[in-house]
Structures are given as C-alpha cells and as structure tokens.
Amino acid sequence: MITVTRPRILVVGAGFAGVGCVRRLERRLSPDEAEITLVTPSSYQLYLPLLPQVASGVLTPQSIAVSLRRSRRYRTRIIPGGAIGVDLAAKVCVIRTITDVTVNEPYDYIVLAPGSITRTFDIPGLTDHAYGMKTLAEAAYLRDHVISQLDLADASQDPDERAARLQFVVVGGGYAGTETAACLQQLTHNAVKRYPRLNPKLIKWHLIDIAPRLMPELGEKLGSAAQEILRRRGVDISLGVSIAKAGPEEVTFTDGRVVPTHTLIWTAGVAASPLIGTLGAETVRGRLAVNAEMNLPGHDGVFALGDAAAVPDVAKGEEGAVCPPTAQHAMRQGKVVADNVIAALREQPMRPYEHKDLGLVVDLGGRDAVSKPLGIELKGLPAMAVARGYHWSALRTNVAKTRVMTNWLLNAVAGDDFVRTGFQSRSPAKLKDFEFVHAYLSPEQLRARVDGKGDGSIEGTAD
C-alpha cells in the first residue's frame, strides 16, 4: 500500500508578509495539494504603522491586533513559538515553542518572513535604559510609563526631579520616531491640563536623528513641513545628533549636551531577524539576498520576503536597488510569493515581484499630518484624511476596521483619557526585555540539533 504525503509548506512569521502569503495559499490551494503551517509566537497579525496611536491612547491595543484564529474558514496549522534556526540542507526548521520545548519541523517549501528587530548600536546603557516601539506590549507599556511620569512629577517635591520626569527623548527621525514623538507629545500636552500643580512649560520633547533631515523620503518640502509642525508644538528637533550614552536619569548627546530624563525611546531603524544569520546564506546589509521571484538562489523551495529579505526593486529600475522594509511592500510580496510557491509546487514558471511605491503617509496626531500619495504633496486635514484612509483600508478584517474607526470617532468626540493600567508597573520593560536576540542557534548548535547529536539548546526564549 502506497501512502502519498502532501507537500509541507512552512511559513515563518505572522506579519504583513507572512499572513498575506498564508491567506493566499489557503485560497488557491486545495486541502489535498499541500499542508500549510505557520510559525508565530503570537496568534495575531499586528498592524505596526498604528502603534504610535496605541501608545498615545487614541487606539486600543486589540484594535490593531488581528486574530489569526477568529475565523473557522482557515485551515493553516499554527505553531505557537519562534523559529530559532533553519538547516537548508536537511530542510528542517528548529522551533522553540512558547512552552520552551525545542522541536524540529521538516518542510518541503519554506517561506521566511520573520520580520525585523530594533537596530541598536554599541552605546553604553542603551539596551538597559531605552524603551522600544516595535511590539504591542512596548506600546502599551510606554503609554503607562509616560503618564506615570506626569503622576510622579506631580507628587515630587524636588524641582530637579520634577523637571527630569517631564523631559522625554526620542531617537530616530524616521516614520516610527517622528510619529511616536508627535503622538506622545500630544498626549502629554492634553494630559498636563489635568495636573494644576505642573507647569506645562516644563514638559519638553526632544527628537534627535543622526541624519540631516527628518523622513528624507518625503522630500525637502514635506519634511520641512513636518519639522515646522513639531517645532510649533514645542518639540526640540536636533539633526546630525545621536546619543553617546544612556543612564537611568540622564542621556548624553553626541554634541555634549546632557539631558536629565527618565524616558529614552529608541526608534533608530530596524535590522533583519537574527534567524537569517542561521542559514549561512548570502546577505545584503543583514537581509537575505534573494532574486526577483523572492527565491533563495541555489535552494529550490526556499523563499524570503519582507523586512528580512533584500528583494530587488524591479520597478525602480536601478541596479542594486532593493525594496524598503515597509508594510506596503510586505503585503504585496506575500501574495506574489504565495503564487510562486504554488508555481513551484505545480512545476510552473514563477513571476518576479514588481510594485511601484504608492507614496507615503505620516500621521502627526490630531489634525496634523503630511502625505505624499502618488507623488502629490499634502499636509493638514487632507493629508490626515489620506493617511487614516490608507491605514483603515489596509486593515485585513472588517472587525479590525470597525474597531479602529470606532476608536477614532470616540477620540474625536470625547478626547483623550489618561488612565494607565499599571499591570506592568513592577516588571522591567526596556529594549533588552522585549527582543530576545540571544535566543537563536549558532551554526554549530543548529547542526548538532538537526543531526541528533545534542538538543542544541540555549538559554532564553524566541520572540
């Protein structure tokens, strides 16, 4: 009796790229054609561009976390855990589950979409004292922390301590940093009105970046407009500057300034997931080097996309150009890579990924925004309408769209609330506590694990 085994398709990561790929595979493959498995620590897809609005309280955390288990229509098997190594020769992915058990998951086709982690540098005290802005937990915690600084300043009898708690530093002048500074500045601006003992002039936000301009992709005109909006609100913007060291109560800038503060928020870019380093394959600035079909050269059945892959930007028409790590590209890459997996499965030709950038949107909170849809430069209310309209339409489910729209309407009518949950008040929540970069296997550990010569175990858990 001959048993026919279905091909095993393993998708790593439940971000825009991974979920987009899985959903298309489910629609276009019959159950008999393949077995689909998704590896993710959390069974939801996070809409990252709206994290600053969660941190500022405009949106609730669950409104941008789209459940992967809500519908019964989907047949993908979900493994709750993190991939910590991939052996391309043996076609095995090593996974550490959320119960801290390490398992080997064989595959016939693998789609690598593990996303990215916060890019850090060897700056003294950075990971011990800085807050990140990459996960839902970080955004929720940061909101609690910022509001608590107002409470602690209000309770303090020491003028120096009060001033230090009311200074906030954001490092990173990209979209994440600029929107985070803008949204949280608006939160403190509105909240301080409820603290009659605090002088609003003591609240000061610093936005610094080593680059000469904020969000250079927007162009000089809109970048300058964004800077003017923030400066008008009282945000101190320092360009060509980074931090030299960080402490629990002060931050030293590279220009020599020392800012007393209890809040350092680090958003200075992202780096590909450390999982990519376990493959032993060629990389481009840490991202896996793939061809235009998002296939790893020399390895049939291995695909990579999103933040972790250097996907050639065919639409740009420049040699060596790669797609930026944005949600816009990741969502579209997920669909194309699913089609290419199906093509490989059915021994059909694959197609290259090509997408012309539709533009950029930056929501600065309230009625302030700058946008560049299809090359048209907008600011103010029209830009805000475009920015929120784009984000709303990009949400994957009607439930998520309803929640987000309801939150926006409620905030517009009732204004902000300044309640902090306090559920994380006694646990640390700095960069080092959210991104488990030491959880991945070394090449030696991976080989030992797959060959059965050892468990390849290391301390820590995968993110």
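An unreviewed UniProt entry annotates the protein chain as NADH dehydrogenase of Streptomyces caeruleatus. For the protein chain, the Sequence similarities (unreviewed entry) comment in UniProt is given as "Belongs to the NADH dehydrogenase family."

Caption draft 1: Region of the structure containing the overall build of the protein chain. For the protein chain, the count of helices and strands is 12 helices and 25 strands. Relative to its length of 463 residues, the protein chain is compact, with a C-alpha radius of gyration of 23 Å against a globular reference of 23 Å. For the protein chain, the proportion of its 463 residues judged to be buried stands at 52%. Taking as baseline every contact in the protein chain between residues at least 6 positions apart, the subset at least 24 positions apart corresponds to 67%. By element, 52% of the accessible surface of the protein chain is carried by carbon and sulfur atoms, the whole surface being about 21,200 Å². Distance from the positive charge centre (53 side chains) to the negative charge centre (49 side chains) of the protein chain: 7 Å.

Caption draft 2: Examining empty space enclosed by the protein more closely. Under the defined criterion, the tally for this structure stands at four cavities of 30 Å³ or more. Around the largest cavity sit Val19, Val22, Arg23, Leu38, Leu68, Thr76 and Ile78, which together line it. When residues of the lining of the largest cavity are assigned to their parent elements, the largest contribution, three residues, is made by helix H1 (residues 16–28). Grouping the amino acids of the lining of the largest cavity by side-chain chemistry returns five nonpolar, one polar and one charged.

Caption draft 3: Spotlight on the sheet that holds strand E24 (residues 369–373). A sheet is described by the order of its strands in space; here three strands give the open sequence E23-E24-E25, paired in antiparallel fashion. Each of the sheet's edge strands pairs with one partner strand only, and the pair in question is strand E23 (359–363) and strand E25 (378–379). Summarising the sheet, E23 and E24 pair through five bridges and their orientation is antiparallel. Across the sheet, Val362 pairs through a bridge with Val370, a residue of E24.

Caption draft 4: Inspection of unusual backbone geometry at higher detail. Phi is positive for Lys91, close to 55°, though the residue is something other than glycine. If you trace the backbone, Lys91 turns up in the loop between strand E5 (77–87) and strand E6 (92–97). Taking the relative accessible area as the measure of exposure, Lys91 reaches 32% and is therefore partly exposed.

Caption draft 5: Expanded view of the nonpolar core. Ranked by size, the top nonpolar core spans 119 residues in total, and within it Leu25, Ile64, Val86, Ile110, Leu112 and Trp205 carry the most contacts. Per element, the largest residue contribution to this core is nine residues, and it comes from helix H8 (residues 327–345). Built from parts of two domains, this core gets at least three residues from each of domain 1 (8–119 + 271–356 + 435–451) and domain 2 (126–268 + 359–414). Core analysis: the next-biggest nonpolar cluster, separate from the first, contains 16 residues, Ile123, Val171, Phe253 and Leu264 among them.

Caption draft 6: Main features of the packing of aromatic side chains. What the rule picks out here adds up to four aromatic pairs. An angle of 75° between the planes, with centres 6.2 Å apart, marks the rings of Phe121 and Trp266 as edge-to-face. Of this pair, Phe121 sits in the loop between strand E9 (116–118) and helix H3 (126–129) while Trp266 sits in strand E17 (residues 263–266), and the two are 145 residues apart along the sequence. Between the aromatic rings of Phe168 and Trp205, the centroid separation amounts to 4.4 Å while the plane-to-plane angle is 15°, which identifies the pairing as stacked. Pair noted here: Phe168 is in strand E11 (residues 167–171) and Trp205 is in strand E12 (residues 204–209), with a separation of 37 residues, a long-range link. Judged on exposure class, the residue Phe168 and its partner Trp205 are both buried. Sitting over the ring of Tyr74, Arg23 keeps its end group 3.5 Å from the ring centre. Of note, Lys401 hangs over the ring of Trp392, and the distance from its end group to the ring centre comes to 5.1 Å.

Caption draft 7: Structural detail: the domain arrangement of the protein chain. Looking at the protein chain, the domain boundaries give domain 1 (8–119 + 271–356 + 435–451) and domain 2 (126–268 + 359–414). Each side of the interface is counted separately: domain 1 has 36 residues, and domain 2 has 29 residues. For the pairing of domain 1 and domain 2, the buried interface totals around 2,900 Å² over both sides, and the portion due to carbon and sulfur atoms is 60%. Counting the surface domain 1 buries against domain 2, the share from its top three residues, Tyr47, Pro52 and Ala55, is 18%. Along the contact surface separating domain 1 from domain 2 lie zero salt bridges.

Caption draft 8: Spatial organisation of the packing of helix H9 (residues 381–394) against helix H10 (residues 398–414). Between H9 and H10, the least distance of the axes is 9 Å, while the angle of their chain directions is 150°. Taken as axis vectors, H9 and H10 run roughly antiparallel relative to one another. For the pair H9 and H10, the crossing hand works out as right-handed. Residues Arg388, Trp392 and Ser393 of H9 pack against Lys401, Met405 and Trp408 of H10.

Analysis parameters
- Residues numbered from 1 in each chain as written.
- Predicted model: local features only at pLDDT ≥ 70, side-chain atom pairs only at ≥ 80, totals over all residues.
- Heavy atoms only, no water.
- UniProt positions renumbered as here; feature names shortened; annotations may be inferred.
- Helix = DSSP H or I, 4+ residues; strand = E, 2+ residues; numbered from the N terminus.
- Rg over C-alpha atoms; globule rule 2.2 N^0.38 Å.
- Buried < 20%, exposed > 50% of the residue type's maximum accessible area, 1.4 Å probe, protein only.
- Contact = heavy atoms within 4.5 Å.
- Areas by Shrake-Rupley, 256 points an atom, 1.4 Å probe, with all protein chains shown as cover.
- Lys, Arg positive; Asp, Glu negative; His and termini not counted.
- Charge placed at Lys NZ, Arg CZ, Asp CG, Glu CD.
- 1 Å grid on protein atoms, 1.4 Å probe; cavity = no way out; pocket = protein on both sides within 12 Å on 5 of 7 lines; lining within 4 Å.
- Points joined across faces, edges and corners; volume = space filled by probe spheres on them.
- Nonpolar A, V, L, I, M, F, W, Y, C, P; charged D, E, K, R; others polar.
- Pairing = 2+ DSSP bridges.
- Core = buried A, V, L, I, M, F, W, Y, C linked by side-chain atoms within 4.5 Å.
- Domains from an automatic or database assignment.
- Phe/Tyr/Trp six-rings, centres within 6.5 Å; stacked < 30°, edge-to-face > 60°.
- Lys NZ or Arg CZ within 6 Å of the ring centre and 35° of its normal.
- Buried area = accessible area lost by both parts, 1.4 Å probe.
- Salt bridge = Lys/Arg side-chain N within 4 Å of Asp/Glu carboxyl O.
- Axes fitted to C-alpha atoms, helices over the stretch in contact; angles between N-to-C directions.
- Parallel < 35°, antiparallel > 145°, perpendicular 65-115°, else oblique.
- Left-handed = near helix turned anticlockwise from the far one by under 90°.

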